Amino acid sequence: MMNKKIIFKKNQASKFAYFSLMFVAGTSIEQVNELGFSHLIEHLLIRAGNEQSLNELFDMNGAAIKGETSRDYINLSGYCLAEDFNKIFKILISRIFNLSITEDELLREKKIVLIELNQYENSKKSINDNRVIFKNSSWSIDIIGTRGNIEYVSLETIYKFYIKNIQAGEFQIAIAGPSFLQSEIISIENMLPLSGSSVEINSPAFSTGLTELDKQQELSEISMYLDISGMVASSHEMAMLSILNSMLTGIKDSLLGHKLRTQKQWIYSIVSYPIFYSNMTLLKIVTITPTIYKKKLIKTLENNLVNESDLSDELLFYKAKKRVINELYINCEVNKNEYLKTICREKLFDIPSWDSIAEELELISLDELKSFSKKAIIQNRNYHIVIK
């Protein structure tokens, strides 16, 4: 069932209601002097109100809520007993879209964010790959923002940002639970404001190349980012990417595990995964190697990551496809909040949800995957390798 801004997924056996409430936000809609405002707003949405805060509301009902800020969105997700859903979610909607912020609350959350920023800057994360691969855009700044933006933002300025991007912004809600929630969702829908108009998106500028951030290590962490944005626009293409990723590193005796660990013995483990943004898709491959193998490993990543004969293994293709299918179904079943988040992302950003990808997986042939892989990896020179 799909209402104005609510998608409902029936889960009759569950005693709980799960939800995801997503707003278009993050670096992609922030101006340079606003970097970090979305993350600060996320704090305020959950913590403002003291005894009347959403944190307190959920704690009092034995429920859970958490916030997340990404490059593209602010997402609030959680769960409660289905029998408590109507009461809790109506209060949540009322407080989210009618947020009251005091000077003391803003000051408190600013201090917390500045502590986060200190911890970030004093940790190894300060050597952040985003500063390299997005070095020519505002995306090089972490979602926490800049010290000046956070320290000096006024209540009036942050409230204007809230009104524009939350109260009058684009949003999507996804809910899962037993069927009796459908009637309650109809009354909740009537509380929702009209969805705001679309906002201009700040597209990241991807920087290709090779960057070594730390040369004084016995072990080198090597990350390769491949920009595959133009190749995964549809759910069918996303399904191919999922199978390819599994063939690369996701199963035993995977292509890269076999080549770099079993044969070459340059690494202990290797992982890969796609990174999705509203206007960019990256494939990240990351491993750790002793420094003595570093140059050889980099040369292999650049020139011989995989070849067409590697991708002709029918048994490996079959195993990878089955793994992806099963993992998707398991995740949809046991990780309800992440599942609902993919539904919200699909509606807001046209990034295929787990449901949409699952519908396409059985349709993928090995020949089709080989053609896709040739463009995405073998012939793709739009990459950045980061060594640290």
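Residues numbered from 1 in each chain as written. Predicted model: local features only at pLDDT ≥ 70, side-chain atom pairs only at ≥ 80, totals over all residues. Heavy atoms only, no water.

Chemist: Which residues make up the layout of surface pockets, and what values do they have?
Modeler: Considered as a void within the structure, the largest pocket measures approximately 1300 Å³ in volume. Residue lining of the largest pocket: 48 residues in total, with Tyr273, Pro274, Ile275, Phe276 and Arg345 positioned closest to the centre. Broken down by class, the residue content of the lining of the largest pocket amounts to 21 nonpolar, 14 polar and 13 charged. (1 Å grid on protein atoms, 1.4 Å probe; cavity = no way out; pocket = protein on both sides within 12 Å on 5 of 7 lines; lining within 4 Å. Points joined across faces, edges and corners; volume = space filled by probe spheres on them. Nonpolar A, V, L, I, M, F, W, Y, C, P; charged D, E, K, R; others polar.)

Chemist: Account for the environment of glutamate 156, naming residues and giving values.
Modeler: Mapped onto the secondary structure, glutamate 156 falls in helix H7 (residues 155–167). Along the sequence, glutamate 156 and leucine 181 sit 25 residues apart, while their C-alpha atoms lie 38 Å from each other. (Helix = DSSP H or I, 4+ residues; strand = E, 2+ residues; numbered from the N terminus.)

Chemist: Any details on the sheet that holds strand E6 (residues 209–212)? Residues and values, ideally.
Modeler: Spatially, E6-E10-E7-E9-E8 is the arrangement adopted by the 5 strands of the open sheet, whose pairing is mixed. Taken across any chain shown, the strands that pair with only one partner, and hence form the sheet edges, are E6 and strand E8 (270–277). Neighbour to neighbour, the strand axes of the sheet diverge by 15° on average, direction disregarded. In this sheet, strand E9 (residues 280–290) lies alongside E8 in antiparallel orientation, the contact comprising 8 bridges. By the bridge assignment for E9, valine 271 is matched with valine 286. (Pairing = 2+ DSSP bridges. Axes fitted to C-alpha atoms, helices over the stretch in contact; angles between N-to-C directions.)

Chemist: With reference to specific residues and values, describe helix H14 (residues 354–361).
Modeler: Counting buried positions along H14 yields 6 of 8 residues, so the element is predominantly enclosed. Every buried residue belonging to H14 is among Trp354, Ser356, Ile357, Ala358, Glu360 and Leu361, and all of these are buried. Looking at the buried residues of H14, the elements they touch are helix H9 (235–250), helix H12 (314–334) and helix H13 (336–349). (Buried < 20%, exposed > 50% of the residue type's maximum accessible area, 1.4 Å probe, protein only. Contact = heavy atoms within 4.5 Å.)

Chemist: Which residues make up the packing of aromatic side chains, and what values go with them?
Modeler: Across all of its chains, the model carries 14 aromatic pairs by this definition. When the centroid spacing of 5.4 Å and the interplanar angle of 40° are considered together, the rings of tyrosine 159 and tyrosine 162 count as tilted. Within this pair, tyrosine 159 and its partner tyrosine 162 are both found in helix H7, separated by 3 residues, close to a single helical turn. Accessibility expressed as a relative area gives 29% for tyrosine 159, which makes it partly exposed. Following the ring pairs from residue to residue traces out a cluster consisting of Phe19, Phe58, Phe85 and Phe89. Lying across the ring of phenylalanine 171, lysine 5 places its NZ or CZ 5.5 Å from the centre. (Phe/Tyr/Trp six-rings, centres within 6.5 Å; stacked < 30°, edge-to-face > 60°. Lys NZ or Arg CZ within 6 Å of the ring centre and 35° of its normal.)

Chemist: If you had to explain helix H4 (residues 103–122) to someone new, which residues and values would you point to?
Modeler: Given 3.6 residues per helical turn, the α-helix brings residues three or four places apart onto the same face. Under the 1.5 Å per step criterion, the end-to-end length of H4 is 29 Å for 20 residues, consistent within 8% with the ideal 28 Å. Listed in full, the buried residues belonging to H4 are Glu105, Leu106, Glu109, Lys110, Val113, Leu114, Leu117 and Tyr120. Projected onto a plane normal to the axis of H4, the buried residues spread over an arc of 165° and lie on a single side. The outward face of H4, more than 90 degrees from its buried face, is lined by the exposed residues Asp104, Lys111, Gln119 and Asn122. The inward-facing, buried residues of H4 abut helix H1 (37–47), helix H5 (130–133), helix H6 (147–152) and H7. (Expected span 1.5 Å × (residues − 1). Arc of directions from axis to C-beta.)

Chemist: How would you sum up the pattern of salt bridges? Please name residues and give values.
Modeler: In total, this model carries 11 salt bridges according to the counting rule given. The salt bridge involving glutamate 338 is made with lysine 341; its shortest N-O contact spans 3.3 Å. Of the two residues, glutamate 338 and lysine 341 are both situated in helix H13; the distance of 3 residues between them amounts to about one turn of the helix. A relative accessible area of 26% means that glutamate 338 is categorised as partly exposed. Assessed through its relative accessible area of 8%, lysine 341 is described here as buried. Shared partners join several salt bridges into a network, and the residues in it are Arg47, Arg108 and Glu109. (Salt bridge = Lys/Arg side-chain N within 4 Å of Asp/Glu carboxyl O.)

Chemist: Hey, could you go over the nonpolar core for me, with residue numbers and the actual values?
Modeler: Counting residues in each nonpolar core, the largest one holds 116 residues, and the members touching the most others are Leu92, Ile96 and Ile175. Top contributing element to this core by residue count: H9, with 8 residues. Each residue touching leucine 92, except ones within four places of it in the same chain, is listed here: Phe19, Leu21, Leu54, Leu57, Phe58 and Ile65. Counting 11 residues, the second largest nonpolar core, distinct from the first, contains Phe206, Tyr225, Met280 and Leu282. (Core = buried A, V, L, I, M, F, W, Y, C linked by side-chain atoms within 4.5 Å.)

Chemist: Pulling in residues and values, what's your account of the side chain of aspartate 310?
Modeler: Assignment of secondary structure puts aspartate 310 in the loop between helix H11 (294–303) and H12. Among the polar contacts listed, one links the side chain of aspartate 310 to the side chain of lysine 259, at a separation of 3.5 Å. The residues touching aspartate 310, leaving out its near neighbours within four places in the chain, are Leu255 and Lys259. (Polar contact = N/O pair within 3.5 Å; in protein donor to acceptor, adjacent residues only side chain to side chain.)

Chemist: Could you give me a rundown of the sheet that holds strand E5 (residues 171–177), with the residues and numbers involved?
Modeler: Strand order in the open sheet made by the 5 strands is E1-E5-E2-E4-E3, with mixed pairing throughout. The sheet is open, and its two borders are formed by strand E1 (6–10) and strand E3 (64–69), each paired with just one other strand. Neighbour-to-neighbour, the strand axes of the sheet open up by a mean angle of 15°, direction not taken into account. As judged from the 6 bridges shared by strand E2 (residues 16–24) and E5, these two strands associate in the antiparallel manner. Across the sheet, the residue bridging to phenylalanine 19 is isoleucine 175, located in E5. Along the sheet, H13 contacts E1, E2, E3, strand E4 (73–81) and E5; its crossing angle with E2, the most-contacted strand, is approximately 35°.

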